[in-house]
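Per-entry structural report
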Amino acid sequence: MTFSDTLKARIQTAQSVCVLTGAGISAESGVPTFRGEEGLWKKFKPEELANFQAFIRNPDLVWEWYAYRRKLIHEVKPNPGHVALVELERRVKEFTLVTQNVDNLHRRAGSQSVVELHGNIERSYCIECKTVVSELNLDALNRAPRCERCGGLIRPDVVWFGEMLPVEAFSKAEAAALRCDVFLCVGTSAVVYPAASLPITALDQGAYIVEINREYTDLSSRAHETLIGKAGEILPALLRQINFQQRGS
Ligand code: BV8
Ligand code: ZN
């Protein structure tokens with residue numbers, strides 16, 4: 001696999017790198033994506049499951065869907081794509097990993113600076129008193145549990161459609177996009193906002209935008225480079241071809 005001299009030079013000399021990942025980086029771990037052929041949304045529509053009204057209308061169905069995904073995530077492990085980003089984080093002076101994924105695989109791979117834009121499926125909280133619940137053996141339940149303190153419904157701590165992203169997380173992500181020299185956009189269909197606005201924010205301030213995906217997306221026409229292929233193959237190959245020793249001062 002060959003990479004452009006520009007790309008290698010840009011990463012080699014970058015003071016600051018920002019990476020945005022989507023479901024595609026976890027696909028090779030065995031976690032289904034949302035919008036692909038085998039995607040999670042094929043059976044269910046986002047509006048049926050990933051929104052608060054759907055949860056209130058049918059808490060057990062939504063809860064069961066997340067319990068299924070949590071169980072799946074406990075059975076998989078990070079793949080070489082996640083691991084390559086841990087290596088990149090070690091090599092670059094300033095590195096921010098922003099993820100739309102709620103599967104915790106970046107942290108399990110060893111990434112330190114993970115900004116979770118859409119929450120984390122391993123955390124849950126009560127919709128009434130907001131008590132965070134984690135000790136529940138969540139997978140075993142296929143009914144939405146009730147809060148021991150107030151009896152309120154317990155929901156997954158993920159961002160649903162129509163819900164605001166965690167303010168601190170999004171401002172951290174935006175600050176990184178505004179500062180970076182290179183922005184890598186890995187395994188996302190780039191259709192969900194405001195996450196999908198981040199590569200454009202980086203582009204507008206002069207960063208070099210590189211997309212890694214199995215197919216072209218809405219972002220491809222704006223990116224400087226689109227590398228078509230699997231993230232778990234491209235990222236390790238790219239890291240192997242960059243000579244970080246030659247870093248400038
Ligand atoms: C908000 C829940 C505002 C967690 C998710 C019209 C226009 C623009 C925007 C909107 C609009 N109407 C509504 C909106 C806003 C809406 C939105 O963007 N909708 C889109 C769909 C049009 N956004 C929101 O509602 C957000 N909130 O805007 O609030 C607001 C303002 C004021 C006051 C109140 C509110 C909230 C967005 C978060 C929604 N939550 N999920 C969960 O259950 O996981 S979205 C869901 O999509 C996931 O979170 C996921 O992270 C996200 C993005 O999907 P991807 O990660 O990109 O995955 P996908 O399957 O799509 O693509 C995978 C890609 O990987 C593919 O391209 C594939 O080719 C590639 N791939 C596959 N294998 C590999 C690979 N690449 C490399 N290697 C491989 N091996
Ligand atoms: Zn409660």
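Residues numbered from 1 in each chain as written. Chains lettered and ligands numbered in written order. Predicted model: local features only at pLDDT ≥ 70, side-chain atom pairs only at ≥ 80, totals over all residues. Heavy atoms only, no water.

Taken together, 33 residues form the shell around ligand 1, and within it R35, G162, T188, S189 and N213 come nearest. S189 has a polar side-chain atom sitting 2.6 Å from an oxygen atom of ligand 1. Between ligand 1 and E215 there is a distance of 3.4 Å, counted from an oxygen atom to a side-chain nitrogen or oxygen. Surface burial for ligand 1 is 74%, taken as the share of its 1500 Å² of free accessible area covered by protein chains. A per-class count over the shell around ligand 1 returns 15 nonpolar, 11 polar and 7 charged. Residue contributions to the shell around ligand 1 reach at least three from each of two domains, namely domain 1 (5–31 + 78–118 + 165–244) and domain 2 (34–75 + 124–158). (Near = heavy atom within 4 Å. Polar contact = N/O pair within 3.5 Å; in protein donor to acceptor, adjacent residues only side chain to side chain. Areas by Shrake-Rupley, 256 points an atom, 1.4 Å probe, with all protein chains shown as cover. Nonpolar A, V, L, I, M, F, W, Y, C, P; charged D, E, K, R; others polar. Domains from an automatic or database assignment.)

Moving on, we get to helix α1 (residues 5–13). Those residues of α1 lying buried are L7, K8, I11 and Q12. All buried residues of α1 lie within an arc of 125 degrees about the axis, which places them on one face of the element. Tucked into the core, α1 has its buried residues touching α7 (80–91), β7 (182–186), β8 (208–213), β9 (225–228) and α11 (231–240). (Buried < 20%, exposed > 50% of the residue type's maximum accessible area, 1.4 Å probe, protein only. Helix = DSSP H or I, 4+ residues; strand = E, 2+ residues; numbered from the N terminus. Arc of directions from axis to C-beta. Contact = heavy atoms within 4.5 Å.)

Considered domain by domain, the chain is made up of domain 1 (5–31 + 78–118 + 165–244) and domain 2 (34–75 + 124–158). Measuring from the centre of the C-alpha atoms in domain 1 to the corresponding centre in domain 2 gives 27 Å. At the junction of the two partners, domain 1 supplies 10 residues and domain 2 supplies 7 residues. Both sides together, the interface formed by domain 1 and domain 2 hides about 650 Å², and carbon and sulfur atoms give 66% of it. Of all residues in domain 1, the largest losses of buried area upon contact with domain 2 belong to V31, V102 and R108, amounting jointly to 41% of the total for that side. At the surface where domain 1 touches domain 2, the tally comes to 0 salt bridges. Linking domain 1 with domain 2 are 1 residue pair in polar contact (both at pLDDT 80 or more). (Buried area = accessible area lost by both parts, 1.4 Å probe. Salt bridge = Lys/Arg side-chain N within 4 Å of Asp/Glu carboxyl O.)

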